[in-house]
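# Report on the structure
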Amino acid sequence: MTEKMKKSFLYLFVLLLAACTAGGGQKGGAGFVTIQGTDLIRPDGQKLFIQGTNLGNWLNPEGYMFGFSRTNSAWMIDLLFKEAVGPDETARFWQQFKDNYVTRQDIDFIARQGANTIRLPFNYKLFTDEDYMGQTGPKDGYECIDSVVSWCRANNLYLILDMHDCPGGQTGDNIDDGHGYPWLFESEQSQQLFCSIWREIADRYKQEPVILGYELMNEPIAHYFENRDSLYQLLQPLYQRCVKAIREVDPNHIILLGGAHWNSFFWMLNDTSYDPKLMFTCHRYGGPATAEAIGHYIQFRDSTQRPMYMGEFGHNTMEWQHDFVQVLKQANIGYTFWPYKKVDGSCMLGIRRPDGWDSIVVRYSETPRGTYQEWRDARPDQATFRRLLHEFAENCRFDRCEPQNDYIQSMGLSD
């Protein structure tokens, strides 16, 4: 028996034991977080107010977290590395990166800061045969989630699974790892894949009480498109279709729905009657740190009598973050900061850039590479580039990162 098979059998045994202990197989979801009006309720009957962080960039790379600007989407980063050092070396980098970026030490650290919830963004390609992060065919998506589930269980943390990058692209910008338009809403094939992946995930984790819920998609439908109003109307029907697919196998877990326009417009989500375990998730970067500034979130939450949760915010001054946390607490809107880890600061753990990273890797990422000739002309020394990739992946390890104490204090996790 291989080591990977041993891990899978061990995880399934622990999962079964946890489900039996929690009574997760009973109809009604005993042992799972549930909804009571605008509150989340723990299995012991106590209110759960979400506080935590996002494991962004681990399973959904974004350029700015590497220090890149122009090369800002996962497929662009992957292509950049393949142009510089080839596909084999790129695959080795991604494996080293994934092995180091999030480990048990990271989850232990997050828990020690006072968090109770982690949001885990992922790319749908981790559950298909498409080329992604150095893998084709069967991938390690479930292995990664299983590890985080076990580490969260050991630390009494809840986990939200967030499909950050959906088939076809749901946003129309770099964050969905797509092609500049929310094709998901106009592609029956992509919608079928979207629903089938969520059904498969739900079937696997239907008895797992560590998982708080499933966030169907991140920041659907940006505002850039002239037909955005008609696209907005397609959001709720797709949510309903996906919820139905999940409920065929999993009656237990909460399902989180984000609004259009960067999780900020909710008017098109005017029906909650089709499922009793729906809640909403909003995002906010910048603007006044006041209750008035998020009044539309509060009003929508109160009108639907479903919980509202701030899935992403941050990247601001420490004073703004501290003040906004107080606003969220007073408004009964739980939160997870974005992100946990990246280069430099504005996160819980800062990754140190290797010497030469900016002058070689970042510079190459900003160089025009529209033709093969430009690739050849711009390509740096391959040995140096390989060394820098290896050093960057090593610098992602917990023990090499720098805790951003002011940032952590601003998160209000232990107040």
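Relevant structure appears above.
A brief look at the structure comes next. No experiment lies behind these values; they were computed from the predicted model shown. (Residues numbered from 1 in each chain as written. Predicted model: local features only at pLDDT ≥ 70, side-chain atom pairs only at ≥ 80, totals over all residues. Heavy atoms only, no water.)

## Some words on the packing of aromatic side chains
If you walk through the whole model with that rule in mind, you get 40 aromatic pairs. Between the aromatic rings of phenylalanine 66 and phenylalanine 392, the centroid separation amounts to 5.3 Å while the plane-to-plane angle is 20°, which identifies the pairing as stacked. In this pair, phenylalanine 66 sits in the loop between strand E4 (51–54) and helix H2 (74–85) while phenylalanine 392 sits in helix H14 (residues 382–395), placing the two residues 326 residues apart along the sequence. Like phenylalanine 392, phenylalanine 66 is buried. Within the aromatic cluster, the residues linked to one another by ring pairs are Phe66, Phe68, Phe81, Phe93, Trp94, Phe97, Tyr101, Trp357, Tyr364, Phe385 and Phe392. Between lysine 341 and the ring centre of tyrosine 101, over which it is positioned, the NZ or CZ distance is 5.2 Å. One cation-aromatic arrangement involves arginine 369 over tyrosine 364; the distance from NZ or CZ to the ring centre is 5.1 Å. (Phe/Tyr/Trp six-rings, centres within 6.5 Å; stacked < 30°, edge-to-face > 60°. Helix = DSSP H or I, 4+ residues; strand = E, 2+ residues; numbered from the N terminus. Buried < 20%, exposed > 50% of the residue type's maximum accessible area, 1.4 Å probe, protein only. Lys NZ or Arg CZ within 6 Å of the ring centre and 35° of its normal.)

## Some thoughts on unusual backbone geometry
The amide bond that connects tryptophan 338 to the next residue, proline 339, takes the cis arrangement and shows omega of -15°. Structurally, proline 339 can be placed in the loop between strand E11 (334–337) and strand E12 (341–343). Within the chain, asparagine 57 stands out as a residue other than glycine whose phi angle is a positive 85°. Here asparagine 57 is to be found in the loop between E4 and H2. Residue asparagine 156 is not a glycine yet carries a positive backbone phi of 55°. Residue placement: asparagine 156 occurs in the loop between helix H5 (141–154) and strand E6 (158–165).

## Describing the state of the cysteines
Scanning all chains against the criterion turns up zero disulfides. Cysteine 282 carries a free sulfur, and the closest cysteine sulfur to it, the one in cysteine 166, is 18 Å from it. A relative accessible area of 0% means that cysteine 282 is categorised as buried. (Disulfide = S-S within 2.5 Å.)

## Digging into the sheet that holds E4
With respect to topology, eight strands assemble into a closed barrel ordered E4-E5-E6-E7-E8-E9-E10-E11, the strand pairing being parallel. Averaged over all adjacent pairs, the angle separating strand axes in this sheet is 30°, with direction ignored. Taken strand by strand, H5 contacts strand E5 (117–123), E6 and strand E7 (211–215), and its axis lies near 155° from that of E6. (Pairing = 2+ DSSP bridges. Axes fitted to C-alpha atoms, helices over the stretch in contact; angles between N-to-C directions. Contact = heavy atoms within 4.5 Å.)

## Here's the deal with the packing of H2 against H14
Two numbers describe how H2 lies on H14: the axes approach to 9 Å, and their chain directions differ by 140°. Looking at the two axes, H2 sits oblique to H14. Touching Phe81, Ala84 and Val85 of H2 are Gln382, Phe385, Arg386 and Leu389, all from H14. For the contact of H2 with H14, the class distribution of residues is five nonpolar, one polar and one charged. (Parallel < 35°, antiparallel > 145°, perpendicular 65-115°, else oblique. Nonpolar A, V, L, I, M, F, W, Y, C, P; charged D, E, K, R; others polar.)

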